[in-house]
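What the coordinates show
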Amino acid sequence: MNKKEIRTIIKSRVKAMSKEERTAEAVQLLAAISAEPHFVSANKVLIYNPLPDEIDVLPILERFKAVKRFFMPVVCGDDIKILPYTEEQRRGAYNISEPVGSDYVSINDIDLVIVPGVGFTADGYRLGRGKGYYDRLLNGAACYKIGVCFSCQIEPAIGETAEPHDVKMDCVLFR
């Protein structure tokens, strides 16, 4: 299978999940993120605004914003830049909410990144949406990378399609 075929298969799996299944897995996953040792020790966390088929990780931000600094990606052309989280948001590329501001920070200032994906392997290979934004952002970054997904998004075939530019996650959390 190629990446396009794998994306189609995984997207259909996610679409077939009931609202109850999605909610149950998300609740378990948010608990797993909260307990993950690298998350516990991180001060600066890059999190994302979810698309409809991604795990909603924003409850993590709400729960921990008093004790951690959160940042969000902003799509700028072919790259992602990083802004501090703000309550004030605007619709950006792909109709994704983004924080408002211009005080960009370097990925090297981030301790931990929570990364969405279309799919993952259990050992860290990630399949994104095909534009390479996270691969470019995370290439050579020292921060800890946690991929998050529903259990139906774990697909071993992703590892067989991995290319040299594909950045592997340090761990993948799924339920």
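If you're wondering where the values come from, they're calculated on a predicted model, not measured in any experiment. (Residues numbered from 1 in each chain as written. Predicted model: local features only at pLDDT ≥ 70, side-chain atom pairs only at ≥ 80, totals over all residues. Heavy atoms only, no water.)

**What to know about helix α1 (residues 3-16)**
Think of an α-helix as 3.6 residues a turn; residues three or four steps apart then line up on the same face. Over its 14 residues, α1 extends 20 Å from the first C-alpha to the last, a length consistent with the 20 Å expected when each residue adds 1.5 Å. Of all the positions in α1, only Lys3, Ile6, Arg7, Ile10 and Val14 are classed as buried. Summarising the axial view, the buried residues of α1 lie within an arc of 100°, below the 170-degree limit, and thus occupy one face. Looking at α1, the residues exposed on the side facing more than 90 degrees away from the buried face are Lys4, Thr8, Lys15 and Ala16. Elements in contact with the buried residues of α1: α2 (19-35), β7 (119-120), β8 (126-127) and α6 (157-161). For α1, the capping residue at the N-terminal end is asparagine 2, with a side-chain oxygen 3.0 Å from the backbone nitrogen of lysine 4. (Helix = DSSP H or I, 4+ residues; strand = E, 2+ residues; numbered from the N terminus. Expected span 1.5 Å × (residues − 1). Buried < 20%, exposed > 50% of the residue type's maximum accessible area, 1.4 Å probe, protein only. Arc of directions from axis to C-beta. Contact = heavy atoms within 4.5 Å. Polar contact = N/O pair within 3.5 Å; in protein donor to acceptor, adjacent residues only side chain to side chain.)

**Regarding the side chain of glutamate 155**
For glutamate 155, the location among the structural elements is in the loop between β9 (144-149) and α6. Among the polar contacts made by the side chain of glutamate 155, one reaches the side chain of arginine 13 at a distance of 2.6 Å. Ignoring sequence-local partners within four residues, the contact set of glutamate 155 consists of Met1, Ile6, Ile10, Arg13, Phe120 and Thr121.

**What about the state of the cysteines?**
In this structure the tally under the stated criterion is 0 disulfides. Of all cysteine sulfurs in the structure, the one in cysteine 171 sits closest to cysteine 143, which takes part in no disulfide; the separation is 12 Å. What makes cysteine 143 buried here is its relative accessible area of 3%. (Disulfide = S-S within 2.5 Å.)

None of the figures reported here should be taken as evidence of function without further support.
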